[in-house]
Amino acid sequence: MTAPHLPDIVSLAVPGFVLLVLAEMLVAWAKDKSRYEPKDTLTSLALGTGSTVAGAITAGLIYAMASWLYSHFRIVDLPNPWAWYWFVLCFVIDDFAYYLFHRSAHRVRWFWASHVIHHSSQHYNLSTALRQTWTGFISIGFIFRLPLFLVFPPAMVLFVGGVNLIYQFWIHTEVIGRMPRWFEAVMNTPSHHRVHHATNPRYLDKNYAGVFIVWDRWLGTFEPERDDEAPRYGIVKNLGSFNLVWAAFHEWVGIAKDVWSAPGIKAKWNYIAQPPGWSHDGSRETSETIKARWEQREREREKAEWTKPISSSSGEDRAAPRRPDGSARTVATP
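Bear in mind the structure is a predicted one, so any value in this text is a computation, not a measurement.

Chemist: How would you explain the packing of aromatic side chains if you had to name every residue and give the values?
Modeler: Evaluated as defined, the whole model comprises 23 aromatic pairs. For the pair Trp84 and Tyr85, a centre-to-centre distance of 5.7 Å together with 75 degrees between the ring planes defines the contact as edge-to-face. The exposed category is assigned to Trp84, whose relative accessible area is 63%. Residue classification places Tyr85 among the partly exposed positions, given a relative accessible area of 37%. Geometrically, the ring pair formed by Tyr167 and Trp170 is edge-to-face, given 5.8 Å between the ring centres and 90 degrees between the ring planes. The buried category is assigned to Tyr167, whose relative accessible area is 17%.

Written out as structure tokens, the structure is:
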């Protein structure tokens, strides 16, 4: 079967992205001007433009490598390889590969150095979706898609990857609250992705999904957005600057400095391979230490609430500790 011509759908979608950003700006202007900050938005758009240029430079090399793998090492010859059902299967598997990449991009500092750009805005709007990396090729994040090239034609894999990227655009907004319950159960949504972009300890390193939130539910990385805890956006240590070059390369600079000054080969390697915030002397904080400290505070707060005396006509009741639901806890007498 002759391979069909598959368009570059991401490039075709760019005008729609721009129109939707402008529409959201109008909504923000009418309802909540704080959702957009001009310098932040310009930084996001400039980073998106740079990412497009960087992608165009490296796309040919990635496609050539993918074609070589498919031609020489594919493990199966699909019957009727361009049938619609192979597109569907490829899309689902590619989305799982994206989940694995995305999770690794938060748990391995080398991948994070490229991905952190997308999280560096302290605002959450559609322009944030366009804040993309310039160094994706350097971080070799594309390796998570390589297994797909052993089964599916490279053009198909890149096409469904583009569909995945387009889907993720609309979930970068606060204008949309929650979708219907059945949709929230299966698909990634603005509510789920707001959690992912938040720096609240409860929300750190959660909801890595691209399209299907079922991967997070299945693998234990799901956290729902709570009405009593609004997300705080950005990164744990915010940039404090709208400098475009610094936004694009600051984490690579940090890695280089740490590797240069690290005592020994093991420490040097760990500054690359361990999670962001890891340090050889434990002087910095990772997401695990931040969450552990927060969980300890939560336990202490709940314990204080549980033992807090309540108003009662009985002296014995007033002295009795409380359960988490507020009722008095009675102690059995022998």
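Chemist: Hey, could you go over the nonpolar core for me, with residue numbers and the actual values?
Modeler: By size, the foremost hydrophobic cluster in this structure holds 26 residues, and its most contacted members are Cys90, Phe152 and Met156. For this core, the elements supplying multiple residues, two or more each, are helix H2 (38–73), helix H3 (84–107) and helix H6 (154–169). When residues of this core are assigned to their parent elements, the largest contribution, 6 residues, is made by H3. Sequence-distant contacts of Met156, that is, excluding residues within four places in its chain, are made with Leu6, Pro81, Trp82, Trp86, Phe87 and Cys90.

Chemist: An account of the pattern of salt bridges is requested, with residue identities and associated values reported.
Modeler: Scanning the entire structure with this criterion turns up 16 salt bridges. We note a salt bridge from Asp94 to Arg145, for which the minimum N-O separation is 2.4 Å. With a gap of 51 residues between them, Asp94 in helix H3 and Arg145 in the loop between helix H5 (126–129) and H6 connect regions that are remote in the sequence. Take Arg145: its relative accessible area is 27%, and that puts it in the partly exposed class. A salt bridge links Asp258 to Arg284; the shortest N-O distance between them is 2.8 Å. Taken as a pair, Asp258 in helix H10 (residues 244–261) and Arg284 in the loop between helix H11 (265–273) and helix H12 (287–306) lie far apart in primary sequence, 26 residues in all. Judged by relative accessible area, which is 38%, Arg284 ranks as partly exposed. Beyond isolated ion pairs, a larger network of salt bridges with shared partners links Arg109, Glu251, Asp258 and Arg284.

Chemist: Explain the environment of Ile140 residue by residue, including any values.
Modeler: Turning to its location among the elements, Ile140 is positioned in the loop between H5 and H6. Spatially, the C-alpha atoms of Ile140 and Phe111 are 7.8 Å apart, while their sequence positions differ by 29 residues. Sequence-distant contacts of Ile140, defined by excluding residues within four places in its chain, comprise Trp110 and Phe111.

Chemist: Quick rundown of H6? Include the residues and the values.
Modeler: Between its first and last C-alpha atoms H6 spans 23 Å; for 16 residues at 1.5 Å apiece the expected length is 22 Å, and the two agree. Turning to H6, its buried residues are Pro154, Met156, Val157, Val160, Gly161, Gly162, Asn164, Tyr167, Gln168 and Phe169. Looking at the packing, one finds that the buried side of H6 touches helix H1 (9–31), H2, H3, H5 and helix H7 (181–186).

Chemist: Explain the side chain of Thr133 to me, and be specific about the residues and the numbers.
Modeler: Of note, Thr133 is situated in the loop between H5 and H6. For Thr133, a relative accessible area of 19% puts it in the buried group. The contacts of Thr133, once residues within four sequence positions are left out, are Ser51, Ser114 and Ile117.

Chemist: Can you lay out the environment of Met65 for me, pointing to particular residues and giving the numbers?
Modeler: Position of Met65 relative to the elements: it lies in helix H2. Counting along the chain gives 173 residues from Met65 to Asn238, while the straight-line C-alpha distance between them is 36 Å. If near-sequence neighbours (up to four positions away) are discounted, Met65 is found in contact with Phe142 and Leu146.

Chemist: Now, about the environment of Ile93: what can you tell me, with residues and values included?
Modeler: As for its placement among the helices and strands, Ile93 is situated in helix H3. Given the relative accessible area of 35%, Ile93 is considered partly exposed. In this structure, the C-alpha to C-alpha distance between Ile93 and Pro147, residues 54 residues apart in sequence, is 10.0 Å. Ignoring any residue separated from it by four or fewer positions in sequence, one finds Ile93 in contact with Leu148 and Phe152.

Chemist: So what's going on with helix H4 (residues 109–119)? Residues and values would help.
Modeler: Along an α-helix, residues three or four apart share an orientation, since each turn contains 3.6 residues. The buried count for H4 comes to 10 of 11 residues, which makes it a mostly enclosed element. Packed against the buried residues of H4 are H2, H3, H5, helix H8 (190–197), H10 and H11.

Chemist: Tell me what's going on with a nonpolar patch on the surface, and back it up with residues and numbers.
Modeler: Among the surface-exposed residues, Val14, Val18, Leu19 and Leu22 lie close enough to one another that they form a single nonpolar patch of about 350 Å² accessible area. Since its relative accessible area comes to 39%, Val14 is described here as partly exposed.

Each value, and the rule that gives it
Chains are numbered independently. Their residues run from 1 in the order of the written sequence. With the structure being a predicted model, the display of local features is reserved for residues of pLDDT at least 70 and the display and counting of side-chain atom pairs for 80 or more, all residues being used for whole-chain, interface and lining totals. The side-chain quantities take in all heavy atoms of the structure and omit both hydrogens and water. Two rings belonging to Phe, Tyr or Trp (six-membered ring only in the last case) form a pair when the distance between their centres is within 6.5 Å. Interplanar angles under 30 degrees mark stacking, angles over 60 mark edge-to-face geometry, and anything in between is tilted. Burial classes follow relative accessibility: with a 1.4 Å probe on protein chains only, a residue under 20% of its type's maximum area counts as buried, one over 50% as exposed, and anything between as partly exposed. Only buried residues count toward a nonpolar core. Its members are Ala, Val, Leu, Ile, Met, Phe, Trp, Tyr and Cys residues joined through side-chain atoms within 4.5 Å. Secondary structure counts use DSSP, requiring at least four H or I residues in a row for a helix and at least two E residues in a row for a strand, with both numbered from the N terminus. Whether two residues are in contact is decided by their heavy atoms: any pair within 4.5 Å suffices. Whenever Lys or Arg places a side-chain nitrogen within 4 Å of a carboxyl oxygen from Asp or Glu, that contact is recorded as a salt bridge. Expected span of a helix: the number of residues minus one, times 1.5 Å. Nonpolar side chains (Val, Leu, Ile, Met, Phe, Trp, Tyr) within 5 Å and like charges within 9 Å form the patches, drawn only from residues with over 30% relative accessible area and no salt bridge. Note on areas: Shrake-Rupley, 1.4 Å probe, and residue coverage restricted to the protein chains presented here.

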